[in-house]
Amino acid sequence: MTQGTDADTATDRATAPAPALDTDALLDDPGIRIVVCCGSGGVGKTTTAAALGVRAAERGRKVVVLTIDPARRLAQSMGIDSLDNIPRRVSGIDGESAGELHAMMLDMKRTFDEIVEAHADGERARAILENPFYQSLSAGFAGTQEYMAMEKLGQLRARNAWDLIIVDTPPSRSALDFLDAPKRLGSFLDGKFIKLLMAPAKMGGRAGMKFLNVGMSMMTGTLGKLLGGQFLRDVQTFVAAMDTMFGGFRTRADATYKLLQAPGTAFLVVATPERDALREAAYFVERLAAEEMPLAGLVLNRVHGSDAARLSADLALAAAENLDGVGIVDQTAGKAGLRDPADWSVVPPEAVADPDPSEHEDTEDREPDPEPAPEVATRTETVTEDASVEQLTAGLLRLHAERMQVVAREQRTRDRFTALHPEVAVTQVAALPGDVHDLAGLRAIGDRLATGSTPAGAA
C-alpha cells in the first residue's frame, strides 16, 4: 500500500504544472538591479534580454542591456546602427511613465584595454598594449570573453547610472562558461608557467637578469623549440608588466562573483523545449543552487502548439489514410468509382452513363445525342477537382499530425525537467513565424514573457 502511494505521488509530481514565472513583478521590483539571461547557445538569450529591457524601460525603469552576441541582432532590433563598448540610448520607448533604455555590445579586447589603461601608468600601459602576447591573449584566450563580460558588468554596476542591468551572456558551448571564466583565468594567472616567468621580474637587478638568462636557456631546449624563443620573451615581458595587475584581476573577479550572489541579482535560465537545451538548463539550475546564486526561473522559448489540438495525431493520420484509400465510405454516388490518381484524367463514358438505361429501351428510334463529350468532360473535371481537394485535405491532416507529434515531444521534455526541478518557475513563449527585427517585435516577445503564453494545444 505504501509503495503504491509513493508511486502515485511521484507520478503526480512529474505531471504537476510548474509554478508560473511573473516577469513583470521581477522587472518592477526596485530591489532587483541585475538580471542575467543565461543558457546554451541558440536558445534566444539575446532576444529575451532585449525584450525584457524594452518592457522594463516602458514600465519606468532606467535600463541598460549588455549583449555579447556577435550576430548584432540586438542593434538591428533596437534601431541602432551599431553597438560598441559604450551604452547607446535607444529611441522609441513608449509609455506615460516610461524610463530609459540603453544598449551596448561587449568589445572584449577594448574592455581588456580599458582595464590596463585604468590600472597601469602611461608607459607601462603602452608596453602592455603593444605586447604581442597580450594582443593574442586579449583577443582570443579561452574564457577571456566570459571574464570580460563579468568585468564590464562590474563596471556598469559601479557607475550606478542605471537602476537595472540586463546581461545577455556569451554564446558559449556551455552555459556554465560564464560562471567558470574567472576561476579559469585565475588558474592561468596562478599557474606554474606564469610563476616561473614572473620570477626574474620579482628578483630584479643582476640576479634577475642572471635567472632570466638561465631560465631562457633551459626553456630554449624544450619550450623554445616548440613555441619559439621570441614568443617566450614576449610572454615574460607581458608578465613583468602585468605583475602588479594580476591581483587586481582576481580581486575584481571575486567582487563581481559576490555581486552575482547578492539578493539584487536574478538569473533567468533560457532554453528551448529540446532535450539538449533543457539538459543544459538543468545543469545550470543545479550549479546556481550550488553557488548560492538567486534563480528567478526558466524562460522556455519557441514552444509549439495547435489551435486544433483536440484532433490527435493518430486520428489525423487515420483520416488522411481514409481519404487516400480507394473505398472511401462517405462518398456520394457520383464519386463511387475513384481510381488510382494516375487514372483520374481518363473517365470512360460508362462511368458517367445514365444509371437506369431501362427507361430508354427504344434507343433505335431516338435521335443520337449530338454532343456527348461535354457531359463526360464536365463529370471528369468534377471528379478530378474532388480528388484534388481530398489530396490537399489529406496533406493538411498529415501536417497537423506532425505538429501534434512535436507538441507531444516538447511536452514530455518539459515534464522531465519539471519532475527534476519542480520548484523552478516557468514562463513559455510561443514560437513565432519569423525573426524579431524591431521594437514592435520585442514588445510582442515581452508580452508573451509576461503572460506566459502557452501555445494552443500545449499543456
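Structure: see above.
Remember, predicted model here, so these are calculated numbers, not experimental data.

## Thoughts on the pattern of salt bridges
Scanning the model with the defined rule gives 15 salt bridges in all. Between Asp-28 and Arg-59 there is a salt bridge, with the nearest N and O atoms lying 2.7 Å from each other. Of the two residues, Asp-28 sits in helix α2 (residues 23-28) while Arg-59 sits in the loop between α3 (45-58) and β2 (62-67), which places them 31 residues apart along the sequence. On the basis of relative accessibility, which here comes to 36%, the residue Arg-59 falls in the partly exposed class. Arg-55 is paired through a salt bridge with Asp-447; the nearest N and O atoms lie 2.8 Å apart. Note that Arg-55 is positioned in helix α3 and Asp-447 in helix α17 (residues 439-451), a separation of 392 residues in sequence. Through salt bridges that share partners, Asp-24, Asp-28, Arg-55, Arg-59 and Asp-447 make up one connected network.

## Concerning the environment of Arg-448
Structurally, Arg-448 can be placed in helix α17. Since its relative accessible area comes to 26%, Arg-448 is described here as partly exposed. Each C-alpha atom of the pair Arg-448 and Thr-23 lies 9.9 Å from the other, and the pair is 425 residues apart in sequence.

## Remarks on the state of the cysteines
Inspection of every chain in the model, using the stated rule, returns 0 disulfides. Note on Cys-37: no disulfide assigned, nearest cysteine sulfur contributed by Cys-38 at a separation of 7.6 Å. A relative accessible area of 0% means that Cys-37 is categorised as buried. Residue Cys-38 is classed as buried on the basis of its relative accessible area, which comes to 1%.

## Here we look at the pairing of strand β7 (residues 295-303)
Direction of pairing for strand β6 (residues 265-271) relative to β7: parallel, over a ladder of 5 bridges. If you follow Phe-267 over to β7, its bridge partner there is Leu-295. Tracing the backbone out of β6, into helix α14 (residues 275-290) and back to the parallel element β7 gives a crossover that is right-handed. Sheet topology note: the β7/strand β8 (residues 426-430) ladder contains 4 bridges and is parallel. Pairing of Val-299 across the sheet is with Thr-427, part of β8.

## Thoughts on the sheet that holds β7
For sheets, the rule is that strands pair by backbone hydrogen bonds, running either parallel or antiparallel. Across the sheet, 8 strands lie side by side as β3-β4-β2-β5-β1-β6-β7-β8; this open sheet has mixed pairing. The open sheet has two edge strands, β3 (88-89) and β8, and neither has a second partner. Strand contacts of α3: β1 (34-38), β2, β4 (100-105), β5 (164-168), β6 and β7, with the helix running at about 165 degrees to β5, the strand carrying the most contacts. Most of the contacts of α17 go to β8, to which it runs at about 140 degrees, and overall it touches β7 and β8.

## Concerning the environment of Asp-168
Inspection of the secondary structure assignment puts Asp-168 in strand β5. What makes Asp-168 buried here is its relative accessible area of 2%. In sequence terms Asp-168 and Lys-45 are 123 residues apart; their C-alpha atoms lie 6.1 Å from each other. In this structure the side chain of Asp-168 is engaged in a polar contact, spanning 2.8 Å, whose partner is the side chain of Thr-46. Among the polar contacts made by the side chain of Asp-168, one reaches the side chain of Thr-67 at a distance of 2.5 Å.

## Quick word on a positive patch on the surface
A contiguous patch of positive charge, built from Arg-275, Arg-409, Arg-412 and Arg-416, is present on the exposed surface. Per-element tally for the positive patch: the top contributor is helix α16 (residues 372-420), with 3 residues. Note that Arg-275 resides in helix α14. With relative accessibility at 57%, the residue Arg-275 sits in the exposed group.

## So, the environment of Pro-422
Mapped onto the secondary structure, Pro-422 falls in the loop between α16 and β8. Along the sequence, Pro-422 and Pro-19 sit 403 residues apart, while their C-alpha atoms lie 7.8 Å from each other.

## Looking at unusual backbone geometry
Comment: phi is negative for the bulk of residues other than glycine, and the bulk of peptide bonds are trans. Non-glycine residue Glu-292 carries a positive phi angle of around 55 degrees. Among the secondary structure elements, Glu-292 is positioned in the loop between α14 and β7.

## Observations regarding the nonpolar core
Proteins that are soluble and globular tend to have nonpolar side chains buried together. Core analysis: the biggest nonpolar cluster contains 92 residues, and Met-78, Leu-101, Ile-166, Leu-179, Leu-260, Phe-267 and Leu-298 have the highest contact counts within it. Leave out the neighbours within four places in its chain, and Ile-166 touches Val-35, Cys-37, Ala-49, Leu-52, Gly-53, Val-63, Val-64, Val-65 and Leu-66. Counting 7 residues, the second largest nonpolar core, distinct from the first, contains Ala-316, Ala-320, Ala-401 and Met-404.

Thresholds, definitions, all that
- Residues numbered from 1 in each chain as written.
- Predicted model: local features only at pLDDT ≥ 70, side-chain atom pairs only at ≥ 80, totals over all residues.
- Heavy atoms only, no water.
- Salt bridge = Lys/Arg side-chain N within 4 Å of Asp/Glu carboxyl O.
- Helix = DSSP H or I, 4+ residues; strand = E, 2+ residues; numbered from the N terminus.
- Buried < 20%, exposed > 50% of the residue type's maximum accessible area, 1.4 Å probe, protein only.
- Disulfide = S-S within 2.5 Å.
- Pairing = 2+ DSSP bridges.
- Right-handed = clockwise from strand over helix to strand, strands pointing away.
- Contact = heavy atoms within 4.5 Å.
- Axes fitted to C-alpha atoms, helices over the stretch in contact; angles between N-to-C directions.
- Polar contact = N/O pair within 3.5 Å; in protein donor to acceptor, adjacent residues only side chain to side chain.
- Patch = residues over 30% accessible without salt bridge, like charges linked within 9 Å, V, L, I, M, F, W, Y side chains within 5 Å.
- Areas by Shrake-Rupley, 256 points an atom, 1.4 Å probe, with all protein chains shown as cover.
- Lys, Arg positive; Asp, Glu negative; His and termini not counted.
- Charge placed at Lys NZ, Arg CZ, Asp CG, Glu CD.
- Core = buried A, V, L, I, M, F, W, Y, C linked by side-chain atoms within 4.5 Å.

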